[in-house]
Amino acid sequence: MFTGIIEEVGKIDRISRGNRSARLRISCKDVTEGTKVGDSIAVNGVCLTATAVDGSGFEADVMDETVARTSLATLKAGSSVNLERAMPANGRFGGHIVAGHVDCIGKITSIKKEEMAVVYEIEVTSDAHMRYIVEKGSIAIDGISLTVASVGEKSFTVSIIPHTISNTTLADKKSGDIVNLETDIIGKYVEKLLMTGSTNDRDNKTLSGDFDKAKAFLTENGFGY
């Protein structure tokens, strides 16, 4: 489990791509401290398993479904990524419950300065996940725990303070960029518990549709490979 408080911004050193999978080498310093092979590290909000660790970084494998569902498909050598180690049992809960399981991708449609804060508007690519995004609720954007400022029909906004921008990859983002979105897990559990009878609303057909939609969105926007 993660909390969405970014510990460090790392750099992609190398990407070895398969047909639909990838292996990443990420240079970093802080998150390798105390980390061993098999530990979990959130990379732009995606929970990955460290397959090799040394003092200058780590490696991780990315399976095909993760590549298709997340913005990791857009990474290249030199890209900056948000990093967070799994929360220790005695750690501070500074953000909210973040599983590192990305629901869908979004696209930044506008970035506006408002006095000391910067407002980002995010278009959500999955209609099925808009219902979990609520005003003043929590959401993880590229692994960053943020509060939803407003919600539209197919988009939402977040208002971000300078400290968060300067200590995450948000400093490099521009309109049109793709980001990973993980909605608040509590809402999903509540919905599941309240459902009665058939679970057809959450069956593989729905999940398959989201998967195909995400792949199509990446391809249409020039991020497929």
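Remember, predicted model here, so these are calculated numbers, not experimental data. (Residues numbered from 1 in each chain as written. Predicted model: local features only at pLDDT ≥ 70, side-chain atom pairs only at ≥ 80, totals over all residues. Heavy atoms only, no water.)

So, about the overall build of the protein chain. Within the protein chain, the regular secondary structure consists of five helices and twelve strands. Expressed as a percentage of the 225 residues in the protein chain, the buried residues total 46%. Restricting the contact set of the protein chain to residue pairs at least 6 apart, pairs at least 24 apart contribute 68%. Counting only carbon and sulfur atoms, one obtains 51% of the accessible surface of the protein chain, whose full area is about 11400 Å². (Helix = DSSP H or I, 4+ residues; strand = E, 2+ residues; numbered from the N terminus. Buried < 20%, exposed > 50% of the residue type's maximum accessible area, 1.4 Å probe, protein only. Contact = heavy atoms within 4.5 Å. Areas by Shrake-Rupley, 256 points an atom, 1.4 Å probe, with all protein chains shown as cover.)

Below, the discussion takes up a nonpolar patch on the surface. Taken together, the side chains of Met1, Phe93, Ile97, Ile186, Val190 and Leu194 make up a nonpolar region of the molecular surface, amounting to roughly 560 Å² of accessible area. With respect to the element layout, Met1 can be found in the segment before β1 (8–17). Relative accessible area serves as the criterion here: at 47%, Met1 is assigned to the partly exposed category. (Patch = residues over 30% accessible without salt bridge, like charges linked within 9 Å, V, L, I, M, F, W, Y side chains within 5 Å. Salt bridge = Lys/Arg side-chain N within 4 Å of Asp/Glu carboxyl O.)

Overall, antiparallel pairing links the six strands, which are arranged β1-β2-β5-β4-β3-β6 in a closed barrel. Recorded for the sheet is a direction-independent mean angle of 45 degrees between the axes of neighbouring strands. Pairing of strand β3 (residues 40–43) with strand β6 (residues 80–85), which is carried by three bridges, proceeds in the antiparallel orientation. Bridge pairing in β6 places Ala42 opposite Glu84. (Pairing = 2+ DSSP bridges. Axes fitted to C-alpha atoms, helices over the stretch in contact; angles between N-to-C directions.)

As a further point, take the pattern of salt bridges. Following the criterion strictly, the structure yields eleven salt bridges and no others. A salt bridge links Arg23 to Asp61; its shortest N-O distance comes to 2.6 Å. Of this pair, Arg23 sits in strand β2 (residues 22–27) while Asp61 sits in strand β5 (residues 57–62); the two residues are 38 residues apart in sequence, bridging distant segments of the chain. The exposure class assigned to Arg23 is partly exposed, which follows from its relative accessible area of 43%. Overall, the relative accessible area of 37% leaves Asp61 in the partly exposed class.

Coordinates in, geometry out; function isn't part of it.
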